[in-house]
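Each chain, written out:
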Amino acid sequence: MLRRPLYLLACSAIFALSSGFARADTAALEKTFQTPPDDARINVRWWWFGPAVTKTELAREMQSMKDNGIGGFEVQPTYPLALDGSLQTSTGPLKNIVWMSPEFLDMLNFTAGKAKDLGLQFNLTLGSGWPYGGPMFTADEGAGALEFAEVALPAGAKSVAPPQLRPGRHVIAAYIGEPGNNAAPQNGGGFRGRGRGGRGAGVTVAPASMKLIPLQNGEAQIPADAPANARVVFAISGRTGMQVKRPAVGAEGNVIDHLSPTVVDKFISDVAEKEIAACGPNPPHSIFCDSLEVAGEDWTDTFFDEFQKRRGYDLKPLLPALLGDSGPKADEIRHDWGQTLTEMFDDNFNGKFKTLAHAHNSLFREQAYGSPSAGELSYINTDLPEGEGYQWHGYRATRYAASASHLLGVPVTSSETFTWIHSAVFRAVPLDIKAEADLHFIQGVNQIVCHGYPYTAEGAPFPGWSFYAAGVFDEQNPWYLVMPDLTKYLQRMSAILRQGQPANDVALYLANDDAWANFRPGSISLSDGVGRLLGDVVPSLLDGGYNMDFFDDGILDARGKVDGGTLAFGDVKYKTVVLAGVEHMPLSTLKKLEQFADAGGTVVASRSIPSIAPGYKATDADNQAVQEISNRLFKGDSAKGIFVQNDADVPAAIAKHLAPDLAVSKDSSVIGFIHRHTDGGELYFVANTSNQQQDLDATFRAAGHPERWDAMTGKVTPLAPAANEQKSGNGTTLHLALAPYESEVVVFTDRQLPPAPTAAPTKPLDISTGWSVKFDKPLKGTGFQPTSETMDKLTSWTDNDKTKNFSGTATYEKTITVDPATAGASTVLSFGKGTPSNERGGQGFHAEFDGPVRDVAVVTVNGKRAGAVFCPPYQVDITGLLKPGANQIAIEVANTSVNAIAAKPYPTYDYQAVTAKYGNRFQPQGMQLLSQPLPSGILGTLTIESK
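Definitions and cut-offs
Residues numbered from 1 in each chain as written. Predicted model: local features only at pLDDT ≥ 70, side-chain atom pairs only at ≥ 80, totals over all residues. Heavy atoms only, no water. Helix = DSSP H or I, 4+ residues; strand = E, 2+ residues; numbered from the N terminus. Rg over C-alpha atoms; globule rule 2.2 N^0.38 Å. Buried < 20%, exposed > 50% of the residue type's maximum accessible area, 1.4 Å probe, protein only. Areas by Shrake-Rupley, 256 points an atom, 1.4 Å probe, with all protein chains shown as cover. Lys, Arg positive; Asp, Glu negative; His and termini not counted. Charge placed at Lys NZ, Arg CZ, Asp CG, Glu CD. Pairing = 2+ DSSP bridges. Axes fitted to C-alpha atoms, helices over the stretch in contact; angles between N-to-C directions. pLDDT = per-residue confidence, 0-100. Contact = heavy atoms within 4.5 Å. Parallel < 35°, antiparallel > 145°, perpendicular 65-115°, else oblique. Left-handed = near helix turned anticlockwise from the far one by under 90°. Nonpolar A, V, L, I, M, F, W, Y, C, P; charged D, E, K, R; others polar. Phe/Tyr/Trp six-rings, centres within 6.5 Å; stacked < 30°, edge-to-face > 60°. Lys NZ or Arg CZ within 6 Å of the ring centre and 35° of its normal. Right-handed = clockwise from strand over helix to strand, strands pointing away.

1. As for the overall build of the protein chain
Within the protein chain, the regular secondary structure consists of 19 helices and 52 strands. The C-alpha radius of gyration of the protein chain comes to 31 Å, within 12% of the 30 Å expected for a compact globule of 947 residues. Projected onto the principal axes, the alpha-carbon positions of the protein chain cover approximately 110 × 80 × 50 Å. Burial status across the protein chain gives 61% buried among its 947 residues. In the structure as shown, the protein chain presents an accessible area of about 34000 Å², 50% of it carried by carbon and sulfur atoms. Positive and negative side-chain charges of the protein chain, numbering 81 and 102 respectively, have mean locations separated by a distance of 3 Å.

2. Here we look at the sheet that holds strand S12 (residues 215-216)
Spatial ordering of the open sheet is given by S9-S13-S12, a layout of 3 strands whose pairing is antiparallel. Strand pairing shows two members of the sheet lacking a second neighbour, strand S9 (159-160) and S12, which therefore form its edges. With 2 bridges joining them, S9 and strand S13 (residues 219-221) adopt antiparallel strand pairing. In the sheet register, serine 159 faces S13, and the bridge partner there is glutamine 221.

3. Description of the sheet that holds strand S22 (residues 506-509)
Strands in a sheet are paired, the pairing made by backbone hydrogen bonds, and the direction either parallel or antiparallel. Taken in spatial order, the 5 strands make up an open sheet running S23-S22-S27-S28-S29, and their pairing is parallel. Each having just a single partner strand, strand S23 (548-551) and strand S29 (642-644) make up the two edges of the open sheet. Taking the axes of each pair of neighbouring strands and ignoring which way they run, one obtains an average angle of 25° across the sheet. Bridging between S22 and S23 involves 4 bridges; their strand directions are parallel. Residue pairing for S23: tyrosine 509 is matched across the bridge by phenylalanine 551.

4. Description of the confidence of the model for the protein chain
Residue-level pLDDT values for the protein chain average 92, and 94% of them are 70 or greater. Predicted confidence for residues 183-198 stays below pLDDT 50, and this span has 42 contacts to residues more than four positions away or in other chains. Below pLDDT 50 for its whole length, residues 722-727 participates in 10 contacts with residues either more than four positions away or in separate chains.

5. Observations regarding the packing of helix H2 (residues 55-67) against helix H3 (residues 102-118)
Where H2 contacts H3, the axes come no closer than 10 Å and their chain directions differ by 30°. When the axes of H2 and H3 are compared, the pair comes out roughly parallel. Considering the relative orientation of H2 and H3, their crossing is right-handed. Within the contact between the two elements, H2 uses Lys55, Leu58, Ala59, Met62, Gln63 and Lys66 and H3 uses Asp106, Met107, Phe110, Thr111, Lys114, Ala115 and Leu118. A breakdown of the residues in the contact of H2 with H3 according to their chemical character gives 7 nonpolar, 2 polar and 4 charged.

6. Here we look at the packing of aromatic side chains
Taken as a whole, this structure holds 48 aromatic pairs when the rule is applied. Relative to phenylalanine 748, the ring of tyrosine 684 has its centre 5.9 Å away and its plane inclined at 80°; by these criteria the two rings are edge-to-face. Linking tyrosine 684 in strand S32 (residues 681-688) with phenylalanine 748 in strand S38 (residues 743-749), this pair joins segments that are 64 residues apart in sequence. Both rings, one in tyrosine 911 and one in phenylalanine 922, keep their centres 5.2 Å apart while their planes meet at 85°; by these two values the pair is edge-to-face. Note that tyrosine 911 is positioned in helix H19 (residues 911-918) and phenylalanine 922 in the loop between H19 and strand S51 (937-938), a separation of 11 residues in sequence. A relative accessible area of 15% places tyrosine 911 in the buried class. On the accessibility criterion, phenylalanine 922 (8% relative accessible area) is buried. Joined through ring pairs, the aromatic side chains of Trp47, Phe49, Tyr79, Trp420, Tyr455, Trp465, Phe467, Tyr468, Tyr911 and Phe922 make up one cluster. Its guanidinium or amino end placed over the ring of phenylalanine 288, arginine 365 lies 4.0 Å from that ring's centre, counting from NZ or CZ. A cation over an aromatic ring shows up here: lysine 814 above the ring of tryptophan 771, its NZ or CZ 6.0 Å from the ring centre.

7. Section: the pairing of strand S19 (residues 414-417)
Across a regular strand the side chains alternate sides, sitting on one face of the sheet and then on the other. What you see with S19 is no split at all: Ser414 and Glu416 on one side and Ser415 and Thr417 on the other are buried throughout. In terms of strand pairing, strand S18 (residues 384-388) meets S19 through 3 bridges, oriented parallel. Bridged to glutamate 386 within S19 is serine 414. Note that the unit made of S18, helix H7 (residues 397-408) and S19 has a crossover that is right-handed. In terms of strand pairing, S19 meets strand S20 (residues 447-454) through 4 bridges, oriented parallel. Looking across to S20, one finds that glutamate 416 is bridged to valine 449. Considered for its hand, the β-α-β crossover made up of S19, helix H8 (residues 430-441) and S20 is right-handed.

The following block contains the structure:
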């Protein structure tokens, strides 16, 4: 929180607010903040296990979503959790509905209609599990993979047959060559290598010695002059063999060939069209493509023809370059192979689904990264880019997707959030959720999609169903007591971060051409490849006070232009471009960057400067032109660009031309921010990402009157200048006192609000003793019998044998007496500060902090709800609720389900039987972490004190 005293340093005229910031615009912005629109509410991934769903339970769960601030969902049919008949529901014995059956499609129809009635956003994950696929796809239609098989050459042989091939595979070329220094072949023949070595890791023949030889009747024809030690390498149009992950009953099968237009059309006709049609007059708000994650999809049967058409030469005689150094142009051949893979994915997959969505008045939402080889430009074929990952202090798919949105003019970026939050299931609490969500917000996300909401069949024993990896965002958590407060915070932040335009300073170049040149069979993720090449430049820029967006050549060609001293993508403009370790660069890109520098923009290169024109058909003249522009831009006294040796030196080079957008006086590596230009003011969201209090001075490159906009309550308060006001040419400096994992919205406007009323501070009133506690709201299904306790000292519920396994809501009650001065003062009820922890249990993000209340609380004063707490600072504003004399205080406190779960074995009752029938489709994760109850209740010192 921004707390008094606040030190305001007036800004020089060069940072003056534009005349467009009118009071009316600020008022409109404030209204959006205080009453955010429904379309900014969080969504959840709704797992239909089996799917063993009934209309009764679907309707009940949708109503619960609406009641608790959830704005919508994406339907995701997934693996079964129970056998048919093992549970009794209101409509009969439990039944796992077969995916794509008439009964399944009827459930989609019902859900779409009910969602519309409730005002919930209905989104649909096409298919089941991930990636796209199913039983209707044969091995020939499965995801493609370039494979190699090496065969010894028998003495005197005139032809050699390939090894026996598995279904869906066929030989596309044969080569003869001599062994080099490569690794020994695996099992004497075909192999499926993984990792960066790829599928060529087992070929012993040196790529430089490999020569194309004819095929006749499927056999390699051996030339008469073949060396005695020669071996034959067969190139095979193969398959990854990947099956749909976590499929529903009836959805088992091959993952599709994403590069084949024929196979993609079949998926659209046999799956997507039928699912969308089933929704009747209520089409999905969006159709969704979840994680690509097709391990090493790098080929399709028509690839040679597509390559010839797109690159203008025959790849077949040059294919050995994909295995390693086959000559001076090997990198460029690999580059062209990679570029073709990306183009085919964009044309044959992405473009088709965007067209499909629009034909049905829907939108296409996608996680366009990973494998197959999607690039940032791939997002041009989506309506709603989506990312994933909370690791904000480096390169991550979340910022990758947000950057695409910013450059393409898309106002909403979603993220798959909480994928592994505080594993195992049921351990995550609102503090974890709020803290991780903030890490997505500072990367540019403004739509949270929670991972996720598990459908639970009627009659399922406590604690209900859950996904093997995720948070649980349904009422099976006692902390659902504050779900409306938590969802309102997330809604408010999502809404305000959609206003205006992103204001990131740096356009950070993604070197697609360098990444493609490093492709190997089986290792072809473009999004991962460009990230590895960035080195340390992302954390260096963030620590230096600069935020950034990524851009690549495709988006630059489609949207980028030089506009004065900025590189503009529509209405979004960047003053600085950074190149990190770039070698290959198209001449067109380099010319545009030189034009940008000539117009006054700042171009900084680290580690290397561009020197190679990409592609096999690039000429010596092309390379010379690239080198001449690079030298002109970065070398010599007249150079308008800046070259530095190390990524760590990039921020200092930028600072000579542009002050940091947010400079802090202490550890900048834990302070994240996002900045947006709006017609109502300069808007900053600032987050303390650490578990330590951060007291620091922060200089914002903005002017005007700073205001604190409280995202928890919607309240707006002015930030008054300190008496010893100072001047600075770098911006406005405020003192920040950010509690662990606390975040702030600071808006600089042209209005001047009246100062907040002040009152003399009152002595803190300790109310920590003498509480009556009713344990009367146990979580349904736990079997706990209500009880009451008197707590003269606040202690954990786990300290008492009668309550240590209580999961639910307990009510603390007490009558206190206050004097008139306290009753009339601006006061808060404080639970204490809590302590940092270093817990390391489980996977995924969790806040390393032990709060003074475990885990949430709602405070009522004299019958009026004052507010909720679930994160630092653990305080509730009770101004105006106290009266002189006796006052009734009630505090509802809720914990997690873990304490009740720990009382008896987690109900894996059916997993063994389900696995026996349906196969091993998932594994519960970290169940040992649910064996002990967790501290619960009010653990700190309760005080009433001045604000």
